[in-house]
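In case you want the letters, here they are:
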Amino acid sequence: MTRTEKSPALIEADRGQDAIALHLVNKDGFDAWRATLSGPQRAALAAQKFKGKGYETAILPDGDGWFAVGGVANPADLSSWCLAKLAEVLPAGTYRLAKGDAGPALFGWQTAQYRYDRYKKNAEAEGPRILLTQQAAAIDAAIAEAEAAHLVRDLVNTPAEDMGPEALEAEAERIAKAHGATISVTRGDTLEREYPMVHAVGRAAARGVAPRMIEIEWGDENAPRLAIVGKGVCFDTGGLDIKGASGMALMKKDMGGSAHALALAQLIMARGLNVRLHCLVPAVENAIAGNAFRPGDVLTSRAGKTVEITNTDAEGRLILGDALARASEMKPELIIDFATLTGAARVALGPDLPALMARRDATADALLTAGKAHDDECWRLPLPETYRDMLKSDIADMANSASGGFAGAITAGLFLDAFVADDLDWAHFDTFAWRPSAKPGRPKGGAALGLRAAWHMVRARFGGN
């Protein structure tokens, strides 16, 4: 279900209500389990070519009814995705595991039923598949986490015509209002004065998609301060260094960092973390017009550093520079930023692994551990001082794009690092925010990659529900 519709409850507490049994089997235990079946059941199993391999499914007769079986790697140790295929293909109804409980698989049960059908006039939707769980205390947390992932998908999947800076602001306002947070938005002359790089990147866009800085604040003012920053380039033409058609085709997703930031903010507020949250989204469209910023221009940032523009298609780091400078002024205990920042990260790590860069080993280790534990792995890249020379400029404090064409993801991270105050703990996710092909529980399209790693890390660090 998309966020724009009222989603049915897909997880319910098990109170003994009627439900269809779900059996989980792996290859090692398949023969022993098969031996417990009746002749007709074994025949049905063979007809569906079920052998206990991962993500295999089958439906077997059981008297006047039926039950389902799914193949998993280890029935006693489920991942987030072990039940996802079942949730995708089973008929509408209510289900319970025949043995054990879903645990982490509650997440994938929900995300498998996500559909983005905003623009389909006659969308055919299967009714909800509801899973019963004896872990009633885990339901709210599992639902909140899935809803955050769905929010990322919705925002990224929406075309730029309907998800420009104004729409992103409206989404931030909706989230803030739902959780009693305050929101402030800086535009126009004030934006040009206070966030000059955000203004420069977005100034060529049409009036209806004018650039802005969106800020949400929430929580006890005496609690530890946490800043979440997200790149909000709602469409990226590349500017005057224009992208080719293939490079521009998916640029509606270039605001994927802001989608992650807003989703993480929503989770933090919904689950009541003990933080003073500061969420910042610089929202722009990198368009082409007579007043577009140019290669060779020198911009003065909010932090006072001057930046020579060597590539107008390296615009995300410019708007993040101003946002990170603003976040640093509040002296948070931790800053996390999300951005669809570089193609170099995808060349190095592919679509599924966000690149992680962090100043402190302990913070990086905590994020890596949380990601691995919750099926949202990321991969750390270094921030070597020796590569800073690649960002040198002859006429300004630094260039926005590295010379030489090497280490594109790392030099982008080093550029951002220059705008974070020296003594602050900071982590950066270079995420793809997109799945080029579907996997169980993870449809093609907008994707939350790095969100769960960050969420479980900050939850462990700052405490909450």
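In this text the structure is predicted, and so the values were computed from the model without any measurement.

Evaluation of the coordinates by the stated rule reveals 26 salt bridges. When the shortest N-O distance is used, the salt bridge between Arg118 and Asp162 registers 4.0 Å. With a gap of 44 residues between them, Arg118 in the loop between α4 (105-111) and β6 (129-133) and Asp162 in the loop between α5 (139-157) and α6 (165-178) connect regions that are remote in the sequence. With relative accessibility at 42%, the residue Arg118 sits in the partly exposed group. Residue classification places Asp162 among the partly exposed positions, given a relative accessible area of 32%. Arg435 serves as the salt-bridge partner of Asp352, at 3.1 Å between the closest nitrogen and oxygen. In this pair, Asp352 sits in the loop between α12 (343-349) and β15 (355-358) while Arg435 sits in strand β19 (residues 434-435), placing the two residues 83 residues apart along the sequence. The class for Asp352 is partly exposed, based on a relative accessible area of 28%.

Attention now moves to the pairing of strand β2 (residues 20-25). Residues in a regular strand point their side chains to alternate faces of the sheet. Of the pairings in the sheet, the one linking β2 to strand β5 (residues 93-97) comprises three bridges and is parallel in character. Across the sheet, residue Ala21 finds its bridge partner in β5, namely Arg96.

What follows is about the sheet that holds strand β17 (residues 398-399). Whenever strands of a sheet pair, they do so through backbone hydrogen bonds, lying parallel or antiparallel. Sheet architecture is open: three strands sit in the order β12-β13-β17, paired in mixed fashion. Each having just a single partner strand, β12 (298-300) and β17 make up the two edges of the open sheet. Here three bridges tie β12 to strand β13 (residues 306-308), and the two strands are oriented antiparallel to one another. Across the sheet, Leu299 pairs through a bridge with Val307, a residue of β13.

Below, the discussion takes up the side chain of Asp154. Relative to the helices and strands, Asp154 is located in helix α5. A polar contact of 2.7 Å, which involves the side chain of Asp154, links it to the side chain of Tyr114.

Definitions and limits used
- Residues numbered from 1 in each chain as written.
- Predicted model: local features only at pLDDT ≥ 70, side-chain atom pairs only at ≥ 80, totals over all residues.
- Heavy atoms only, no water.
- Salt bridge = Lys/Arg side-chain N within 4 Å of Asp/Glu carboxyl O.
- Helix = DSSP H or I, 4+ residues; strand = E, 2+ residues; numbered from the N terminus.
- Buried < 20%, exposed > 50% of the residue type's maximum accessible area, 1.4 Å probe, protein only.
- Pairing = 2+ DSSP bridges.
- Polar contact = N/O pair within 3.5 Å; in protein donor to acceptor, adjacent residues only side chain to side chain.

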